[in-house]
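In case you want the letters, here they are:
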Amino acid sequence: MKTESADVFLSRVAKHAALADPARLRIVDLLTLGDFSPTELQAELDMPSNLLSHHLRALEGAGLATRRRSEADKRRSYIRLAAGALEGLAPGVEYGATRVLFVCTRNSARSQIAAALWRQVSQIPTTSAGTHPADRIAEGAIDVARRHGVNLPEVPPRRLGELAGGDFVVTVCDNAHEELTSLGGVHWSVPDPLRINTEEAFENAFADISSRISDLAPRMRAA
């Protein structure tokens, strides 16, 4: 699955490689708070100047840090976090879709919750379906959604039909993922809350799906 351009990917590689060193990661941690002179960084890190210079060159080369001369003492410079330095550490917007389709086996809990949560955070249309749909949405799914202020649509579970060309498919059920081997898309291995059918099981599924949607939505664009 293609994720991003080669240039962007290589830029991320360089940043991660630079941050793999504990000292450089500590320097970046400090720079998130403010600007430091090399002398101040030496004191903070208890590091000799030649070693600090090596680490700063690596951070500057990876696009993580910049430096400027002091307006007061021209012999002094300040190191600062480069603009957008940390934005490139995680993948950016990578996928275009006309619709996001969440799929599970019975379309009675996980996929319904996922579609409802997606509507709250993205303008990209969404729907859900099941490989073997149930007669109705599970009460536990309705209850957990209500507790979190999410309204599930009052529609019966629907069967997975033909996919449109612009659909981005997310299976949220191991059974559906392993049954639909040629479906493509991505898979979230969310345990079936109906197996235990307790409030805690539905809360765990809701939290898992909510976290994953928060991660995925910023990486999607409308096609």
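This one's a predicted model, so the numbers in the text were calculated from it and none came from an experiment. (Residues numbered from 1 in each chain as written. Predicted model: local features only at pLDDT ≥ 70, side-chain atom pairs only at ≥ 80, totals over all residues. Heavy atoms only, no water.)

## Focus on the overall build of the protein chain
Looking only at helices and strands, the protein chain features nine helices and eight strands. On C-alpha atoms alone, the protein chain measures out to a radius of gyration of 24 Å, which is more than a quarter above the 17 Å that the 2.2 N^0.38 rule sets for 223 residues. With respect to the principal axes defined by its C-alpha atoms, the protein chain has extents near 75 × 35 × 30 Å. When the 223 residues of the protein chain are sorted by exposure, 41% land in the buried category. If you take every contact in the protein chain between residues at least 6 apart in sequence, the share linking residues at least 24 apart comes to 66%. (Helix = DSSP H or I, 4+ residues; strand = E, 2+ residues; numbered from the N terminus. Rg over C-alpha atoms; globule rule 2.2 N^0.38 Å. Buried < 20%, exposed > 50% of the residue type's maximum accessible area, 1.4 Å probe, protein only. Contact = heavy atoms within 4.5 Å.)

## Considering helix α6 (residues 139-147)
Those residues of α6 lying buried are Gly140, Ala141, Val144 and Ala145. Seen from one end, α6 has its buried residues packed into an arc of 130 degrees, which puts them on one side. Of the residues in α6, the exposed ones pointing more than 90 degrees away from the buried face are Glu139 and Arg146. Structurally, α6 contributes buried residues whose contacts are with α5 (110-121) and α9 (199-216). At the C-terminal side of α6, Gly149 shows a positive phi close to 70 degrees. (Arc of directions from axis to C-beta.)

## Regarding the sheet that holds strand β4 (residues 99-104)
What the four strands build is an open sheet, ordered β5-β4-β6-β7; its pairing is parallel. Looking along the sheet, the strands with just one partner apiece sit at the ends: β5 (126-130) and β7 (186-187). Alignment of β4 against β5, held across five bridges, turns out to be parallel. The partner of Phe102 across the bridge, within β5, is Ser128. Sheet contacts for α5: β4 and β5; angle to β5, the most-contacted strand, approximately 180 degrees. (Pairing = 2+ DSSP bridges. Axes fitted to C-alpha atoms, helices over the stretch in contact; angles between N-to-C directions.)

## Structural notes on the environment of Asn175
Along the polypeptide, Asn175 turns up in helix α7 (residues 174-179). Considered as a pair, Asn175 and Thr39 are 136 residues apart in the sequence and their alpha carbons are 59 Å apart. Contacts of Asn175, omitting those with residues within four sequence positions, involve Thr105 and Arg195.

## Quick notes on the packing of aromatic side chains
For the coordinates displayed, the defined rule picks out three aromatic pairs. Centre to centre, the rings of Tyr95 and Phe168 are 5.2 Å apart; their planes meet at 45 degrees, and the pair counts as tilted. Note that Tyr95 is positioned in strand β3 (residues 95-97) and Phe168 in strand β6 (residues 167-171), a separation of 73 residues in sequence. Residue class for Phe168 comes out buried when judged on its relative accessible area of 9%. Their ring planes at 45 degrees and their centres at 6.0 Å tell us that Phe102 and Trp188 sit as a pair that is tilted. On the criterion of sequence distance, the pair formed by Phe102 in strand β4 and Trp188 in the loop between β7 and α8 (193-196) is long-range, its members being 86 residues apart. (Phe/Tyr/Trp six-rings, centres within 6.5 Å; stacked < 30°, edge-to-face > 60°.)

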